[in-house]
Amino acid sequence: MLLQAIFVLISLALYVLSPQQYSFGLCLTCGILYLLNIIYYYYKHKKKNFFDFDTIFSISFFITFFIYPILLFPINPEYFAAFSFGFNENTVTKATSLSLVGYSSYILGRCYNTSINKEKSQNIGIVHVKDKFKLTSFIYYILLLTFILLGGLSQLQALYNNTIAAENPIVNYFAAILLPIVTIAIVLQTFYIKQSKRTLKSVSKIFFITLIATLLLFLSTGSRTLPLAIALIILWIFTYYYYNLSLLKVFTIILCGCLILSLVGLLRIDESTDNLKFVDIFMDLIINNRNTFLAIELVDENGITYGKSLLAYILRAIPFLSGIVHSLFNLSTIETSSSYLFTYETFGSDLTIGVGSNIIADLYLAFGVTGVIIFMLLLGMFIKFLEREVEYNNVLAILTYAIMMSQSVFLTRSEYFFPLNIIVLSLFSYVLISNITKIFINETNLIGLHNLREHNSERRNRKSNIQSHTIIRNT
């Protein structure tokens, strides 16, 4: 942990000493120190399974924040069209060192030591797990069917093809609840197999087929967000509980996944794949690095927002709270969301196309370099806490980690609190499903007990009648 603290101090020193112009040598040094961070961390923590949040998040982080300043900017600053929208090129080196500060702080948080109670960790059990899975999977089937019937797939296809389609606002609510419900169903199915000591062959065939159908249906529209999230959860569950993956195998899966998703992205805009280069398959991550350059420029000009720009996804975690707070304090989404602010700074009041955000830019805009250090440190500690509770087989922690796993790629290119509302919705849904199952089972037991009492009463009456007839006959 001491050595990792030194990594943070070195990265902070590079940030403070960053020149006011682009320096290839310093950007390359940051990239090398980033790799040394990873090597040290993985050497220190001898992992059995490399397909986890750390690995996916770390690879995504490197692609998002280090590929452009080291490999693309020196050759062609406008290699991707997104960079042609303009930014202060003198901020590139400072932004790269800032990204190193953030990642070093995250790894420092991951190095926080916690002990595992092995006796507790072996206590696998969820009450009425089979009934909860049946109810959750049934809800999932209904949600998916309703989403399709309401025109959800058509809306997605129109969105990605830039065509006009009748929009149904209700569809968005069904789309928002799909991932939490699918996550709960996957976790419950896994627990049922573990508790009943069955093999993977006992996975619900209907549930499995529906999952595959969901992935294919959403991919066919050009949407990659939900399929990627579900795929990451399934792969994590499988590799954690059944088959550990080496780092080489994880890299192979990631490359294949990036290639497939990139092809889907190109096909949805009818773009040719003839001139596709290797770096192009990572475009969706790399282009978001521009937001770090914008964040540094905006803070230099206007100062930090003192957390106001972090509010959007915190408020979304509680239904209707966002609208109430925005109306009550006369706030606009441009003030409470870094992605809206970066889009506004790029295109003005025309917000039809978004430029997104990224985790470092979001934190820097809110609290400067101090915020980057503290919040990335807390993220590392949070993941460490979840891993310990997963070892304890805490179902709420497993659900939360599964959601974080589903967002491990997207988190680097989104706002810091983006997964919060998904986590809250997942935990709330699980508690609600658990209570409904409990009520249903209790009522079933009461009916069964009532029927048993009636049956025993009838038996006693028949026995009494027989005895009475016997007495009369004998008399």
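It should be emphasised that the depicted structure is a prediction, and the values quoted were computed from it without experimental measurement. (Residues numbered from 1 in each chain as written. Predicted model: local features only at pLDDT ≥ 70, side-chain atom pairs only at ≥ 80, totals over all residues. Heavy atoms only, no water.)

## Observations concerning the overall build of the protein chain
Broken down by element type, the protein chain carries 20 helices and zero strands. With 475 residues in all, the protein chain has 47% of them scored as buried. In the protein chain, of all internal contacts separated by at least 6 residues, the share reaching a separation of at least 24 is 79%. A total of about 24,200 Å² of accessible surface is found on the protein chain, and carbon and sulfur atoms cover 65% of it. (Helix = DSSP H or I, 4+ residues; strand = E, 2+ residues; numbered from the N terminus. Buried < 20%, exposed > 50% of the residue type's maximum accessible area, 1.4 Å probe, protein only. Contact = heavy atoms within 4.5 Å. Areas by Shrake-Rupley, 256 points an atom, 1.4 Å probe, with all protein chains shown as cover.)

## Comments concerning the packing of aromatic side chains
A complete count under the given rule lists 40 aromatic pairs for this structure. Look at Phe85 and Phe347: their rings are 4.9 Å apart centre to centre, the planes differ by 70°, and that puts the pair in the edge-to-face class. One end of the pair, Phe85, is in the loop between helix 3 (53-72) and helix 4 (92-110); the other, Phe347, is in helix 17 (residues 338-347), with 262 residues separating them in the sequence. According to the relative accessible area criterion, Phe85 is partly exposed, its value standing at 44%. Seen in terms of ring centroids, Tyr416 and Phe417 are 4.9 Å apart; in terms of plane orientation they differ by 85°. Their pairing is edge-to-face. (Phe/Tyr/Trp six-rings, centres within 6.5 Å; stacked < 30°, edge-to-face > 60°.)

## Considerations on the packing of helix 9 (residues 205-220) against helix 10 (residues 225-241)
Packing of helix 9 against helix 10 brings their axes to within 9 Å, and their N-to-C directions diverge by 150°. Relative to helix 10, the element helix 9 lies roughly antiparallel. The handedness of the crossing between helix 9 and helix 10 comes out as left-handed. Across from Leu211, Thr214, Leu215, Phe218 and Leu219 in helix 9, the residues of helix 10 making contact are Leu226, Pro227, Ile230 and Ile234. (Axes fitted to C-alpha atoms, helices over the stretch in contact; angles between N-to-C directions. Parallel < 35°, antiparallel > 145°, perpendicular 65-115°, else oblique. Left-handed = near helix turned anticlockwise from the far one by under 90°.)

## Structural notes on the environment of Met405
Tracing the backbone shows Met405 in helix 19 (residues 395-406). Its relative accessible area of 0% is what places Met405 among the buried residues. Setting aside residues no more than four positions away along its own chain, Met405 makes contact with Phe51, Asp52, Phe53, Ile56, Leu232 and Trp236.

## Considerations on unusual backbone geometry
Positioned with a positive phi, Phe320 is a non-glycine residue whose angle comes to about 70°. When you line up the elements, Phe320 lands in the loop between helix 14 (311-315) and helix 15 (321-328). Residue classification places Phe320 among the exposed residues on the basis of a relative accessible area of 72%. With a phi close to 55°, Asn330 is a non-glycine residue in the positive phi region. Summarising the element assignment, Asn330 is placed in the loop between helix 15 and helix 16 (333-336).

## Considerations on the side chain of Arg110
Its location among the elements puts Arg110 in helix 4. Given the relative accessible area of 1%, Arg110 is considered buried.

## Details of the confidence of the model for the protein chain
Residues of the protein chain with pLDDT of at least 70 account for 87%, and the chain-wide mean is 87. Considering only residues more than four positions removed or in separate chains, one finds that residues 471-475, a stretch of pLDDT under 50, has zero contacts. (pLDDT = per-residue confidence, 0-100.)

## Points about the nonpolar core
In this structure, Phe61, Ile286, Ile359, Met376 and Leu379 are the most contacted members of the largest nonpolar core, which totals 126 residues. When residues of this core are assigned to their parent elements, the largest contribution, 15 residues, is made by helix 18 (residues 359-391). Beyond its immediate stretch of four places on either side in the chain, Ile286 contacts Ile63, Thr64, Ile67, Tyr68, Leu72, Phe80, Phe83 and Val279. (Core = buried A, V, L, I, M, F, W, Y, C linked by side-chain atoms within 4.5 Å.)

## Some thoughts on a nonpolar patch on the surface
Taken together, Phe24, Leu28, Ile32, Leu35, Leu36 and Ile39 make up a surface patch of nonpolar side chains, about 530 Å² in accessible area. Here Leu28 lies in helix 2 (residues 24-44). (Patch = residues over 30% accessible without salt bridge, like charges linked within 9 Å, V, L, I, M, F, W, Y side chains within 5 Å. Salt bridge = Lys/Arg side-chain N within 4 Å of Asp/Glu carboxyl O.)

## Regarding the state of the cysteines
For the structure shown, the criterion picks out zero disulfides. With no disulfide partner, Cys27 has as its closest neighbouring cysteine sulfur the one in Cys30, 6.3 Å distant. (Disulfide = S-S within 2.5 Å.)

## Some points on helix 8 (residues 169-195)
Taking 1.5 Å per residue, 27 residues should reach 39 Å; helix 8 reaches 41 Å between its end C-alpha atoms and fits that length. Taken as a whole, helix 8 carries its principal kink of about 30° at Leu178; the proline Pro180 stands between one and four residues after it. Looking one or two residues past helix 8, Lys197 carries a phi angle of roughly 55°, positive in sign. (Expected span 1.5 Å × (residues − 1). Bend = angle between axes of the 7 residues up to and from the residue.)

## Describing the side chain of Arg290
Note on placement: Arg290 falls in helix 13 (residues 290-302). No salt bridge is formed by the buried Arg290. Its closest oppositely charged neighbour is Glu297, at 7.7 Å. Reaching out from Arg290, the side chain makes a polar contact with the side chain of Thr346 at a distance of 3.1 Å. For Arg290, the contacting residues outside a window of four places in its chain are Ala82, Phe83, Phe85, Gly86, Phe87, Thr346 and Val355. (Lys, Arg positive; Asp, Glu negative; His and termini not counted. Polar contact = N/O pair within 3.5 Å; in protein donor to acceptor, adjacent residues only side chain to side chain.)

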